[in-house]
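Single-letter residue listing:
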Amino acid sequence: MDDWARKVVIVTGASGGVGTALCRLLASRGCRLGLVGRSRVALEALAEELRQAGAACLACETDVGERAAWTETLTQFEHRLGPADMFIHTAGRLHLTDPLRPNIDDLAEMLRVHYLGFVYAVQVLLPGMLDRGRGHLVAVGSLGSWRGLPRAAAYSASKAALSTYVESLRPPLRQRGILLTTIHLGLVRTSMTDGLSVPRPWRMLAPDDAARRIIRAVERRQREAAFPCGQAWAMRLVHKLPPWAFDWCMTQADRYLFRTAAAPRPTP
Amino acid sequence: MSLAGRVAVVTGAAGGIGQALCRALARHGCALGLLDCNEAGLATLADTLASAQAPHAAEIVDVRRRTDVQRAIASMERKLGPVDILVACAGVTGVTLVRQLAVEETEHLLEVNVLGAAYAIEAVLPGMLARRQGQIVGVSSLAGCRGMPFSAGYSASKAALSVFLEGLRPPLRRKGIYVTIVLPGHVRTPLMDAAVVKPPMPPISPDEAAQHILRAIRRRSRVCAFPRRTCLGLAYLNCLPTRLFDWTMTIGARRTSDVEY
Ligand SMILES: NC(=O)c1ccc[n+]([C@@H]2O[C@H](COP(=O)([O-])OP(=O)(O)OC[C@H]3O[C@@H](n4cnc5c(N)ncnc54)[C@H](OP(=O)(O)O)[C@@H]3O)[C@@H](O)[C@H]2O)c1
Ligand SMILES: NC(=O)c1ccc[n+]([C@@H]2O[C@H](COP(=O)([O-])OP(=O)(O)OC[C@H]3O[C@@H](n4cnc5c(N)ncnc54)[C@H](OP(=O)(O)O)[C@@H]3O)[C@@H](O)[C@H]2O)c1
């Protein structure tokens, strides 16, 4: 979108690190915002802050995995803000997987939030966008979905479902003027990655940085964007590995990354 | 690996690929646990196995029901012995159209293809870990490697399954449990009748598919993708930049289907 002023943008996960940064950026460009998350306090605080800055916005706490409630929220937003020009799906959870005792409830939950949350929204917003012949759907995925990462097997799987779904719909929708963008995000310093440590060559992106890059990709009407650069190239390489080499690398990486976690910590 | 005397549990046993695989496993001396929700199909297969005097046990189960899956597998283990091989083959397909996203069907795809397989894995894994041996075979699809036309919901569900299995594979291998991801292309089964595209390449028979899977089980392969020509086509797609990929999909969808893309 070249002209952001007065565009209606609905953002899920607005109370999270990346989502909040995105909303601030969009508000500063004059967008009308619909904010979605689960914690009412955080959402209200953000909405208040954005209104003070002069942006029109509505906030509603909704679980995007609950179809009825989520549909209702979207309908309300479109009714009160106007037809949605853009939808950005940032809502996400990270549950690590214990490969020896995979928790299927976690898998189901992440599939609901990451994948079905997007599907439900598309179902509500798409008919209007098709009629108007324009619209932009943005899915925030993860670099970790390019292969199944052992400690995050369920998370990777749910994000892979999301990006594959987007890829399927992208060509036919683009012909009809509706753009789809998948953001393959690397590590960002937010509450989600709190307590995770990254090995030396990598660094975590600041949420503001991530938001700026997401908006840039959207402005350029990119189909896909993957960043930060270093992590994206590393994952491109990993993506090309034959299965046996992938397994070997994952085993080595696991030893290196979780060596400290497994060893009992010395008490001072 | 020799298959004689092993216990194999197969979900979706009454389906096209499932039946062919069960017959092949029985010929190699496996004892078979059959799970499916298709009662008639399951009875036919059980009869065939009985007349071949292959040890087997059959349970009518909807794989979306977690406790039912656990109970069925536990009862099979009592009859046949501990499970050596699990083949999660139950699956459904569906069509996603831009004007008709079929959300309920998308949910159903996820429940059967991903969670159904996960429940079965959950049921056999503790025993396999305790014995430090076993093999988990997940039947996913080449359609899960990229987002295929008309198949957003199906591709997404199979992508999730493949990626989930891939994540479990390295750590489980160190515990003596082998994970095999099966990626079939088009196979001539009832599942394909629902498709709105004519397969760009001729489909193979269920027996051929079963031979591929059988070989992968014996070799403990990590990935088993077939037929070769479809794999090559996909490798080609994977080399394309995104824009060209989209263009190829658009042309391909128009050539192989009468449905509006
Ligand atoms: N941080 C990273 O390193 C990283 C890397 C790759 C991809 N990503 C992806 O980037 C996105 C944003 O991540 P983040 O780092 O900003 O995480 P975050 O700070 O934990 O924020 C996640 C947001 O999602 C919301 N949310 C979670 N479950 C929800 C549900 N069922 N319904 C509605 N909202 C829900 C949370 O709301 P409440 O807090 O109100 O519950 C929160 O606003 C996620 O999709 C994540 O998977 C992050
Ligand atoms: N055929 C292909 O071209 C192809 C290509 C790639 C991958 N695959 C995969 O290969 C697997 C087997 O496919 P197929 O071609 O043999 O299909 P199929 O003939 O339709 O067999 C699938 C079997 O799974 C059963 N099933 C479906 N939902 C179930 C549930 N909720 N609980 C228990 N059983 C259930 C079906 O029973 P009902 O008949 O009663 O529904 C059927 O017996 C599937 O996972 C499929 O996705 C097939």
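As the structure is a prediction and not an experimental result, all values here were calculated from the model.

Colleague: Sorry if this is basic, but what is going on with the site of ligand 2 here?
Modeller: All names here are of chain B. Near ligand 2 lie 30 residues; those nearest to it are G16, I17, D36, V187 and T189. With respect to ligand 2, the side chain of D36 contributes an N or O atom lying 2.8 Å from an oxygen atom. Within the side chain of K158, one N or O atom sits 3.0 Å away from an oxygen atom of ligand 2. Bound to the protein, ligand 2 loses 88% of the 880 Å² it would expose on its own. When contributions to the shell around ligand 2 are tallied by element, the ones reaching two or more residues are α1 (16-27) and α5 (152-173).

Colleague: Where do I start with the environment of H28(B) in this structure?
Modeller: Residue and element names in this part refer to chain B. You can see H28 is positioned in the loop between α1 and β2 (31-36). Linking H28 and A118, residues 90 residues apart in sequence, is a C-alpha distance of 27 Å. Leaving out residues up to four positions away in the same chain, H28 has contacts with L3, A4, L214 and R218.

Colleague: I tried to follow the pairing of strand β5 (residues 135-142) of chain A on my own but got confused; where do I start?
Modeller: One face of the sheet, then the other: side chains in a regular strand alternate in exactly this way. Residues and elements named next belong to chain A. Counting buried residues in β5 gives 8 out of 8 residues, a clear majority hidden from the surface. By the alternation rule, side chains of β5 split into G135, L137, A139 and G141 and H136, V138, V140 and S142, which are all buried. Taken together, the 4 bridges between strand β4 (residues 86-89) and β5 define a ladder with parallel strand orientation. Looking at the pairing, H89 lines up with A139 of β5. Handedness of the β4-helix α4 (residues 104-132)-β5 crossover: right-handed. Where β5 and strand β6 (residues 178-185) come together, 8 bridges link them in parallel fashion. Across the sheet, residue L137 finds its bridge partner in β6, namely L180.

Colleague: Would you take a moment to explain the site of ligand 1 for this structure?
Modeller: All names here are of chain A. Around ligand 1, 29 residues are found, and the nearest of them are R38, S39, Y155, V188 and T190. Between ligand 1 and the protein, one listed contact pairs an oxygen atom with a backbone N or O atom of G16 at 2.7 Å. V18 is positioned such that a nitrogen or oxygen atom in its backbone is 2.8 Å from an oxygen atom of ligand 1. Expressed as a share of its isolated accessible area of 890 Å², the protein-covered part of ligand 1 is 92%. Elements represented by at least two residues in the shell around ligand 1 include exactly α1 (17-28), β5 and α5 (153-175). Considering each element in turn, the shell around ligand 1 owes the most residues, 3 residues, to β5. Its residues placed into classes, the shell around ligand 1 shows 10 nonpolar, 15 polar and 4 charged.

Parameters at a glance
- Residues numbered from 1 in each chain as written.
- Chains lettered and ligands numbered in written order.
- Predicted model: local features only at pLDDT ≥ 70, side-chain atom pairs only at ≥ 80, totals over all residues.
- Heavy atoms only, no water.
- Near = heavy atom within 4 Å.
- Polar contact = N/O pair within 3.5 Å; in protein donor to acceptor, adjacent residues only side chain to side chain.
- Areas by Shrake-Rupley, 256 points an atom, 1.4 Å probe, with all protein chains shown as cover.
- Helix = DSSP H or I, 4+ residues; strand = E, 2+ residues; numbered from the N terminus.
- Contact = heavy atoms within 4.5 Å.
- Buried < 20%, exposed > 50% of the residue type's maximum accessible area, 1.4 Å probe, protein only.
- Pairing = 2+ DSSP bridges.
- Right-handed = clockwise from strand over helix to strand, strands pointing away.
- Nonpolar A, V, L, I, M, F, W, Y, C, P; charged D, E, K, R; others polar.

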